[in-house]
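Coordinate analysis (summary)
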Amino acid sequence: MARWAADRVLHRLRTRSLSVLGVATGSSPLPVYRALAASGEPALASLRVFALDEYVGLPHHHPQSYHCVVDREVTRPLGLDPARVHVPDGAADDLDAAAAEYEHLIAASGGIDLQVLGIGANGHVGFNEPFSSLRSRTRVETLTARTRRDNARFFGGDLQQVPTSCLTQGLGTILDADEVVLIATGAAKAHAVAQMVEGPLSSACPASVLQLHPRATVLLDDRAAAQLTRRDDHEQAGAATGPPRNP
Ligand code: F6R
């Protein structure tokens with residue numbers, strides 16, 4: 001899965017149809033960034049990168065701030081110019097102004113060509129929690145109890161340390177990306193994945209907004225795909241079908 005996503009990035013890079021990459025944090029896309037780093041592709045250095053979101057209230061140097069995570073997992077391994085890597089400023093005094101500035105910066109960069117996404121167990125993308133407006137833009141969002149519990153693992157299991165709010169690109173912002181590639185693994189994502197792919201378009205499952213996207217690819221392992229009722233079974237699909245069809 002990671003190799004498919006990385007190859008997609010590299011293909012677009014080499015055919016000059018990718019200059020702005022959107023990156024998700026969390027654990028799901030990390031193998032993609034490792035595969036990109038392992039490719040040694042020199043053109044990666046020309047990328048401009050936008051992160052999806054950032055916690056509010058963590059200083060930029062906090063190891064779990066997405067400023068630090070993106071620096072550690074993306075900027076350094078891929079050899080990017082830090083001046084071309086952007087993360088919403090969750091430490092800003094004026095968060096609304098920081099959100100508006102982030103939208104402006106994305107637009108001024110020509111928009112995101114390819115957005116890498118994960119999905120929360122509650123169906124969030126970015127940190128657009130259930131019942132986010134389907135047309136929302138970058139803004140302050142309150143994290144749900146579920147998301148805070150799920151992310152406590154990054155804070156030594158201490159829920160008290162997990163921020164209660166964030167700045168996140170909106171669902172409308174994500175929809176504006178030219179292409180999106182979402183990665184989900186593990187049984188904990190199975191219900192959200194089924195809602196996203198087969199459920200109704202509904203803000204109750206924010207990821208279902210991707211049904212509106214003309215170029216969305218969803219990469220799943222068997223456990224994350226387990227609740228899809230319309231999946232081909234393995235035998236029918238053939239053992240080695242290669243890259244996903246009908247994304
Ligand atoms: C993080 C983000 C979130 C995560 C989601 C899944 O930037 O946008 O939507 O992608 O919470 O996180 P993991 O991959 O850790 O399960």
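In what follows, the structure referred to is the one given above.
What comes next is a walk through the structure. From a predicted model like this one, the values you see are computed outputs, not experimental measurements.

**Describing the site of the ligand**
In the vicinity of the ligand lie 15 residues, with Thr 25, Ser 28, His 124, Gly 126 and Lys 189 positioned nearest. Within the side chain of Thr 25, one N or O atom sits 2.6 Å away from an oxygen atom of the ligand. A distance of 2.8 Å is found between an oxygen atom of the ligand and a side-chain nitrogen or oxygen belonging to Arg 153. Protein burial of the ligand: of its 410 Å² of free accessible surface, 95% is covered by the chains. Taken atom by atom, the bulk of the ligand overlaps the second largest pocket. Looking at the shell around the ligand residue by residue, the classes come out as 4 nonpolar, 8 polar and 3 charged.

**Notes on the environment of Ala 91**
Summarising the element assignment, Ala 91 is placed in the loop between β4 (85-86) and α4 (95-108). Note on Ala 91: relative accessible area 40%, which makes it partly exposed. Apart from the residues lying within four places of it in its own chain, the contact partners of Ala 91 are Leu 58 and His 60.

Rules and cut-offs
Residues numbered from 1 in each chain as written. Predicted model: local features only at pLDDT ≥ 70, side-chain atom pairs only at ≥ 80, totals over all residues. Heavy atoms only, no water. Near = heavy atom within 4 Å. Polar contact = N/O pair within 3.5 Å; in protein donor to acceptor, adjacent residues only side chain to side chain. Areas by Shrake-Rupley, 256 points an atom, 1.4 Å probe, with all protein chains shown as cover. 1 Å grid on protein atoms, 1.4 Å probe; cavity = no way out; pocket = protein on both sides within 12 Å on 5 of 7 lines; lining within 4 Å. Sits in = over half its atoms within 2 Å of the grid points. Nonpolar A, V, L, I, M, F, W, Y, C, P; charged D, E, K, R; others polar. Helix = DSSP H or I, 4+ residues; strand = E, 2+ residues; numbered from the N terminus. Buried < 20%, exposed > 50% of the residue type's maximum accessible area, 1.4 Å probe, protein only. Contact = heavy atoms within 4.5 Å.

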